[in-house]
Amino acid sequence: MEVLEAALLMIALLGVSQVINRFVPAVPIPLVQIALGALVALIPTGIHMPLDHELFFLLFIAPLLYNDGKHYPRKELWRLKGPILLLAVGLVFIVVVVVGYAIHRLVPTIPLAAAFGLAAILSPTDAVAVSAMAKRVQMPKSLMRLLEGESLMNDASGLVAFKFAIAAAVTGVFSLAQASVSFVLVAVGGLLAGIVVAQAISWTQVMLRRFGMEDVTIHVIIQILTPFMIYMVAENIGVSGILAAVSGGLVHAIQEERTEKSLVKLHIVSSSTWSILLFVLNGLVFVLLGLQLPDAIGTIFTDPLYSNKRVFTLIGVIYLLLFVLRYAWVYLYSRWILPANEQDQLPSARYVLITTVSGVRGAVTLAGAFSIPFFLANGEAFPERDLIIFLAAGVILLSLIVASVVLPLITKKSDSSKEQQEEKLEKVTQILGMRAAIHALHEAKTPDNALAVGVIIREYRQSIRQLSREPYRLGSKKQLRKQMIELRKLALETERQAVKRLLAEEAVEEHTANQLLNILNQSESVLSDRSYMWNVVKKEVWNRFVKRNRTGMTEAMSEANQEVLRLKLTTVQEAIMRLKQERTQDNAQAVDQLITLYSSVTDSMQARLGMERPLDEDWEQQLKELRHLGLQAERDAIQTRFEQGQITRKLANKLRFYISYRESYMLGRGEI
């Protein structure tokens with residue numbers, strides 16, 4: 001029961017971390033998740049999750065590296081094979097030797113073999129942490145490929161070196177020749193094991209399809225189990241399960257390309273399933289890391305034999321050594337990494353610095369440190385085990401913090417043609433958001449709502465075509481934005497006066513007029529104040545608990561809706577006439593934009609009045625829900641680009657305003 005409670009709590013923390021990151025995007029989400037995990041460990045919740053390193057590698061590292069291998073471009077892997085191997089193998093062993101000797105000299109109570117073990121587990125960069133850091137900054141494409149390739153390969157080299165070093169510390173026996181041969185066998189064997197097992201699984205899926213087993217659920221389950229099976233087979237025969245997972249991912253990428261056309265539905269379901277699984281696994285890695293930190297750090301803090309100042313100094317010195325070695329190693333071959341056609345994009349020294357800072361450590365390092373045995377072969381306690389774990393945890397945190405602070409500063413682009421770039425970026429982001437909405441609508445399409453989905457998708461495509469044609473855009477300038485707000489308010493007031501006039505002339509029923517006036521008020525609330533969400537909540541309560549409990553009114557409501565649509569057409573025409581009267585040279589751009597949007601409203605309503613399908617309450621509810629789905633997809637697309645550092649906070653706010661602005665129109669189109 002305790003394990004279940006802990007698992008549910010950690011998943012809940014992932015949701016909390018997303019909320020915090022949305023409000024404080026400057027803090028990388030891995031640090032937020034680590035902090036939440038540490039907070040849970042510190043407060044007396046009764047939740048305790050000891051880190052089983054073998055289970056950790058199987059449940060988290062295997063599927064994550066399998067997915068990375070699956071999506072890593074094979075041509076890039078081959079093109080960057082030299083730099084990747086130099087970082088993933090050469091740099092690892094340089095770090096083991098240099099940092100290992102340095103740790104032993106600084107802390108003589110740590111045996112040399114154990115110091116080599118600590119250096120080995122600190123040498124590999126963490127694939128999950130590197131990916132999380134890279135999302136927040138703009139890096140050259142070739143550099144990202146290099147870092148991803150390095151993190152795919154160096155876990156194996158670091159862990160193998162770590163195992164040999166710890167085995168030497170425990171037994172007191174070490175042979176360099178035997179260790180070198182074993183490393184080659186473990187690495188090559190892992191790659192081959194991954195290829196063989198992945199091919200066998202792919203062949204099994206093909207045979208199942210030949211026997212008529214086309215059920216998508218079965219094949220998705222096989223895909224989910226694949227990385228775990230590959231890792232376990234490799235580890236059980238004594239080779240690297242990590243490299244097996246990577247090579248297995250590469251093999252399955254090739255298989256998917258061959259079956260892409262014939263198994264479209266499988267790819268769609270598989271992609272959606274893996275996206276959720278990877279989100280959970282990535283987050284849990286850092287939450288688990290946070291859960292372990294209080295125990296890892298607290299032991300040394302409370303031990304009077306250790307000076308807190310000295311151990312923190314040791315952490316700083318070790319990180320500095322790792323930083324200097326990585327910088328020097330990358331600098332020596334930096335000209336090999338950057339292709340000739342990209343050498344003008346980033347100064348070489350800056351490129352080397354980014355590569356160095358991006359070498360963050362993560363949960364793999366801490367999991368390895370926790371795997372150090374408690375006792376030696378002779379029964380004595382493993383020397384300085386708690387201190388080794390403390391130093392590993394400290395270097396992990398320091399590397400994450402330095403990368404979080406420094407990377408955004410050194411990866412900023414130049415300010416040349418800044419205004420032009422922002423204009424172009426705004427247009428591209430708007431279009432991408434609308435395409436995301438179209439994709440979300442396609443995903444939500446069912447036989448029951450297919451007609452409503454088609455109507456809204458046509459609206460989005462029309463908006464994309466218009467946005468692609470027009471030389472100016474809503475919200476591109478502060479003055480235009482202000483003009484649009486004022487003109488929209490004027491148009492709404494014109495519609496309101498038209499409704500009141502027609503009501504006074506008894507040309508319209510009172511309940512029809514009141515319904516349209518409520519819609520106009522809701523539209524204006526989006527522009528005038530911050531009460532819109534409260535109004536939406538009130539209306540939702542009304543719809544769910546009052547309006548829907550009324551019986552025997554479906555037919556009457558359908559007729560009433562048609563009357564409101566006809567009244568809306570009349571008021572829209574008067575609003576357009578008023579806008580034309582207000583048009584001047586200064587506000588021509590805003591007036592034209594607004595008239596275009598009003599014309600879109602008119603076209604949509606005329607099409608709906610001409611439809612054979614009755615405008616019943618279910619149809620209106622479909623339109624309402626689907627429009628909100630599209631708007632949320634647009635907002636999510638903007639937030640994602642903002643969190644990844646592709647747009648600024650200012651631009652994100654402008655685009656969110658644009659969506660809210662369009663939402664005021666949709667209230668007049670989908671709520672009646």
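Relevant structure appears above.
No experiment lies behind these values; they were computed from the predicted model shown.

Reading the values: rules and limits
Residues numbered from 1 in each chain as written. Predicted model: local features only at pLDDT ≥ 70, side-chain atom pairs only at ≥ 80, totals over all residues. Heavy atoms only, no water. Helix = DSSP H or I, 4+ residues; strand = E, 2+ residues; numbered from the N terminus. Buried < 20%, exposed > 50% of the residue type's maximum accessible area, 1.4 Å probe, protein only. Contact = heavy atoms within 4.5 Å. Phe/Tyr/Trp six-rings, centres within 6.5 Å; stacked < 30°, edge-to-face > 60°. Salt bridge = Lys/Arg side-chain N within 4 Å of Asp/Glu carboxyl O. Axes fitted to C-alpha atoms, helices over the stretch in contact; angles between N-to-C directions. Parallel < 35°, antiparallel > 145°, perpendicular 65-115°, else oblique. Left-handed = near helix turned anticlockwise from the far one by under 90°. Nonpolar A, V, L, I, M, F, W, Y, C, P; charged D, E, K, R; others polar. Patch = residues over 30% accessible without salt bridge, like charges linked within 9 Å, V, L, I, M, F, W, Y side chains within 5 Å. Areas by Shrake-Rupley, 256 points an atom, 1.4 Å probe, with all protein chains shown as cover.

## Quick notes on the side chain of N67
Right, on to step 1. Here N67 shows up in helix 3 (residues 53–71).
Right, on to step 2. Taking the relative accessible area as the measure of exposure, N67 reaches 11% and is therefore buried.
Right, on to step 3. Look past the residues within four positions of N67 in its chain and what remains in contact with it is W274 and L278.

## Some details on the packing of aromatic side chains
Right, on to step 1. Summed over the entire model, instances satisfying the criterion amount to six aromatic pairs.
Right, on to step 2. Plain terms: the ring middles of F56 and F57 are 6.0 Å apart, the flat faces sit at 70° to each other, and that makes the pair edge-to-face. This pair shows no difference in class: F56 is buried, exactly as F57 is.
Right, on to step 3. With a centroid separation of 6.1 Å and an interplanar angle of 65°, the aromatic rings of F312 and F390 are classed as edge-to-face.

## Structural notes on the pattern of salt bridges
Right, on to step 1. What the rule picks out here adds up to five salt bridges.
Right, on to step 2. For E495, the salt bridge goes to K568, with nearest N and O atoms at 2.9 Å. A residue pair is termed long-range when its members are at least 10 positions apart, and E495 in helix 19 (residues 478–504) and K568 in helix 22 (residues 554–582) qualify at 73 residues.
Right, on to step 3. According to the relative accessible area criterion, E495 is buried, its value standing at 0%.
Right, on to step 4. Between E574 and R501 there is a salt bridge, with its nearest N and O atoms 2.6 Å apart. Of the two residues, E574 is situated in helix 22 and R501 in helix 19; the sequence distance between them amounts to 73 residues.
Right, on to step 5. Judged by relative accessible area, R501 falls into the partly exposed class, the value being 36%.

## Thoughts on the packing of helix 3 against helix 10 (residues 216–236)
Right, on to step 1. At a minimum axis distance of 9 Å, the contact between helix 3 and helix 10 shows a crossing angle of 110°. Relative to helix 10, the element helix 3 lies roughly perpendicular. Considering only the axes of helix 3 and helix 10, their crossing is right-handed. For the pair formed by helix 3 and helix 10, the contact residues are F57, L58, L59, A62, P63, Y66 and K70 on the first element and Q223, T226, P227, F228, I230, Y231 and M232 on the second.
Right, on to step 2. Considering only residue class, the contact of helix 3 with helix 10 consists of eleven nonpolar, two polar and one charged.

## Looking at a nonpolar patch on the surface
Right, on to step 1. A grouping of V16, V19, I20, F23, V24 and V27 is seen on the molecular surface, where their side chains present a nonpolar patch of about 490 Å² in accessible area.
Right, on to step 2. Under the relative-accessibility criterion, V16 is labelled partly exposed at 38%.

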